[in-house]
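Take a look at the letters that make up each chain.
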Amino acid sequence: MFKEIIYNAARHAQATRVEVRFHAGPRQLRLSVQDNGIGFDQGQTRSGNGLKNLRRRAADLGGTLEIETGPDKGTRVTLTAPGFLIP
């Protein structure tokens, strides 16, 4: 999922900066990728299944995928999933 999120930023965002944050705790994993690109209107129908597939894969992990974006506002994609307790 990380690779696909980065690929989307590189291919579509026209960004000059991408920031990646990752937190692995005992109960939760969180990955956040934010760019300063062109963003997009989430209400507009888009061809392809990239974001839909990412949401499905997050749900398969028992997690969520949050997308914050808007035209000319960049995009932040945050994946939150259950962590793994290490004995």
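Provided above is the structure to which this section pertains.
Only a predicted model underlies this, so the values are computations on that prediction, with no experimental measurement involved.

Criteria and cut-off values
- Residues numbered from 1 in each chain as written.
- Predicted model: local features only at pLDDT ≥ 70, side-chain atom pairs only at ≥ 80, totals over all residues.
- Heavy atoms only, no water.
- Helix = DSSP H or I, 4+ residues; strand = E, 2+ residues; numbered from the N terminus.
- Buried < 20%, exposed > 50% of the residue type's maximum accessible area, 1.4 Å probe, protein only.
- Polar contact = N/O pair within 3.5 Å; in protein donor to acceptor, adjacent residues only side chain to side chain.
- Contact = heavy atoms within 4.5 Å.
- Pairing = 2+ DSSP bridges.
- Axes fitted to C-alpha atoms, helices over the stretch in contact; angles between N-to-C directions.
- Salt bridge = Lys/Arg side-chain N within 4 Å of Asp/Glu carboxyl O.
- Parallel < 35°, antiparallel > 145°, perpendicular 65-115°, else oblique.
- Left-handed = near helix turned anticlockwise from the far one by under 90°.

As for its position among the elements, T75 is in strand β4 (residues 75-82). Overall, T75 belongs to the buried group, its relative accessible area being 11%. A distance of 2.8 Å separates a polar atom in the side chain of T75 from a polar atom in the side chain of T69. The residues contacting T75, other than those within four sequence positions of it, are V33, Q34, D35, G39, F40, I67, E68 and T69.

The subject of this paragraph is the sheet that holds β4. Spatially, the four strands line up as an open sheet ordered β1-β2-β4-β3, and their pairing is antiparallel. With partners counted over all chains shown, the strands left at the sheet margins are β1 (18-24) and β3 (64-69), one partner each. Neighbour to neighbour, the strand axes of the sheet diverge by 10 degrees on average, direction disregarded. Pairing of strand β2 (residues 28-35) with β4 involves eight bridges; the strand directions are antiparallel. Paired with D35 across the bridge in β4 is T75. Its contacts with the sheet put helix α2 (residues 50-60) on β3 and β4, and the angle it makes with β3 is roughly 145 degrees.

Bringing the side chain of T80 into the picture now. Tracing the chain through its elements places T80 in strand β4. A polar contact of 3.4 Å, which involves the side chain of T80, links it to the side chain of R30. Discounting residues that sit within four places of it in the chain, T80 has contacts with Q28, L29, R30, G63 and T64.

Before going further, it helps to spend a moment on the pattern of salt bridges. Scanning the model with the defined rule gives five salt bridges in all. The partner of E19 in a salt bridge is R21, with the nearest N and O atoms 2.6 Å apart. Residue E19 is classed as partly exposed on the basis of its relative accessible area, which comes to 26%. When its relative accessible area of 55% is taken as the criterion, R21 is described as exposed. Salt-bridge contacts for E68 lead to R76; the nearest nitrogen and oxygen are separated by 4.0 Å.

Turning to the packing of helix α1 (residues 2-12) against α2, a few remarks are in order. It is the contact of α1 with α2, at a shortest axis distance of 11 Å, that shows an interaxial angle of 155 degrees. What the angle tells us is that α1 and α2 run roughly antiparallel. Considering how the two elements wind past one another, α1 and α2 form a crossing that is left-handed. Seen from α1, the contacting residues are E4, I5 and N8; seen from α2, they are G50, L54 and R57.

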